[in-house]
Amino acid sequence: PAMTDAASASATKKYLLIAAGVSASAALAFGLYTLAQKRKTLCAASSAPSSSSPSPASSSALAPTPVLLGPRHVALLAAAPAKHGLASRDKAARVLLRFAMDEEAGAGVEGKGRNAGKIFEEVRCLKCGTKEKKEEVVLELYEEQVAWAKKMVALYKLKDVSKVMRVLCDYALSDGADSAVIFETVRCRDCKK
């Protein structure tokens, strides 16, 4: 299969870096940086006003949101930026929430989307009911995402927004989840970071 111009240019740059004596890990870091820049460009293009339709007002602002996460949840959000070309741990949390919001928005009964049971009703956590030590982490989330998480608390009788985040992280860590689909698909509505 033929490579696109962008893919060919990226491959050429990586080859030149390696040929110039740059280590494979530095070339990988360059590739991840390039991927992050590509995502940033795609996000900016998707949020740019279109000449055919007016740009909707920003649906929400970023707000610091404290959540309690277990060690595996913290590790997932900490590793996602390097693994999937995201800007930060906070961006990884926002991408995970947007994925769940889009999954939840599918057709369903009583406000439950096409994957409502798949994400929120199946028990995946191995530490539920135990006294697993949780760490308070402050995530920069969109107000719209926090409001949606509170809706999930009521809909699925969860303890709080922290539990919603732990359920989403456990879903992303589960065997059936495709982390590339979750973290690398651009879904952002008003992407700024």
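This report concerns the structure included in the present document. Quick caveat, the model's predicted, so the values are computed rather than measured.

1. Notes on helix α7 (residues 161-173)
Reasoning step 1: With 13 residues, α7 should cover 18 Å at 1.5 Å per step; its first-to-last C-alpha distance of 18 Å lies within 8% of that length.
Reasoning step 2: Among the 13 residues in α7, twelve count as buried, and that is most of the element.
Reasoning step 3: Restricting attention to buried positions, one finds in α7 the residues Val161, Ser162, Lys163, Val164, Met165, Arg166, Val167, Leu168, Cys169, Asp170, Tyr171 and Ala172.
Reasoning step 4: The opening residue of α7 is Asp160, an N-cap whose side-chain oxygen sits 3.2 Å from the backbone nitrogen of Ser162.

2. Quick word on the pattern of salt bridges
Reasoning step 1: Enumeration over the complete set of coordinates arrives at five salt bridges.
Reasoning step 2: Of the charged contacts, one joins Arg72 and Glu132 as a salt bridge, the two residues approaching to 2.8 Å between their closest N and O atoms. Of this pair, Arg72 sits in helix α3 (residues 71-84) while Glu132 sits in the loop between α5 (116-121) and β2 (135-142), placing them 60 residues apart in sequence.
Reasoning step 3: Close ionic contact of Arg89 with Asp90 constitutes a salt bridge, the shortest N to O distance being 3.5 Å.
Reasoning step 4: Taking the relative accessible area as the measure of exposure, Asp90 reaches 15% and is therefore buried.
Reasoning step 5: Overlapping salt bridges, with partners in common, bring together Arg72, Glu132 and Asp170 in one network.

3. Some remarks on the packing of helix α4 (residues 89-104) against helix α6 (residues 143-156)
Reasoning step 1: Running from N to C, α4 and α6 point in directions that differ by 55 degrees, and their axes come no closer than 11 Å. As far as their axial angle goes, α6 and α4 are oblique. When the axes of α4 and α6 are compared, the crossing they make is left-handed. Residues Arg94, Leu97, Arg98, Ala100, Met101 and Glu104 of α4 form the contact with α6, whose own contacting residues are Glu144, Gln145, Trp148, Met152, Leu155 and Tyr156.
Reasoning step 2: Grouping the constituent residues of the contact of α4 with α6 by class yields seven nonpolar, one polar and four charged.

Rules of the game
- Position numbers for residues start from 1 in each chain and track the written sequence from start to end.
- Only residues with pLDDT of at least 70 get local features here, since the model is predicted, and only at 80 or more are side-chain atom pairs given and counted; chain-wide, interface and lining totals rely on the full set of residues.
- For the side-chain quantities, the full set of heavy atoms in the structure was used; hydrogens and water were omitted.
- Numbering of helices and strands starts at the N terminus; helices are DSSP runs of H or I of at least 4 residues and strands are runs of E of at least 2.
- A helix is expected to reach a length of 1.5 Å times the quantity of its residues less one.
- Throughout this description, buried means an accessible area under 20% of the type-specific maximum (1.4 Å probe, protein chains only), exposed means over 50%, and partly exposed covers the range between.
- Within 3.5 Å is the distance limit for a polar contact, defined as a pair of N or O atoms, with the added protein rule that one can donate a hydrogen and the other accept it, and that residues adjacent in sequence qualify only through two side-chain atoms.
- Here, a salt bridge means any Lys or Arg side-chain nitrogen found within 4 Å of an Asp or Glu carboxyl oxygen.
- In this description, a line fitted to the C-alpha atoms serves as the axis of each element, helices being fitted only across the stretch in contact, and the angle between N-to-C directions of two axes falls anywhere from 0 to 180 degrees.
- For classification, angles of less than 35 degrees are called roughly parallel, those exceeding 145 degrees roughly antiparallel, those between 65 and 115 degrees roughly perpendicular, and all remaining angles oblique.
- Here a crossing is called left-handed whenever its near helix is offset anticlockwise from the far helix by less than a right angle, and right-handed whenever the offset is clockwise.
- Residues are treated as being in contact if the distance between any of their heavy atoms lies within 4.5 Å.
- Lys, Arg, Asp and Glu make up the charged group, whereas Ala, Val, Leu, Ile, Met, Phe, Trp, Tyr, Cys and Pro make up the nonpolar group; the residues left over, Gly among them, are polar.

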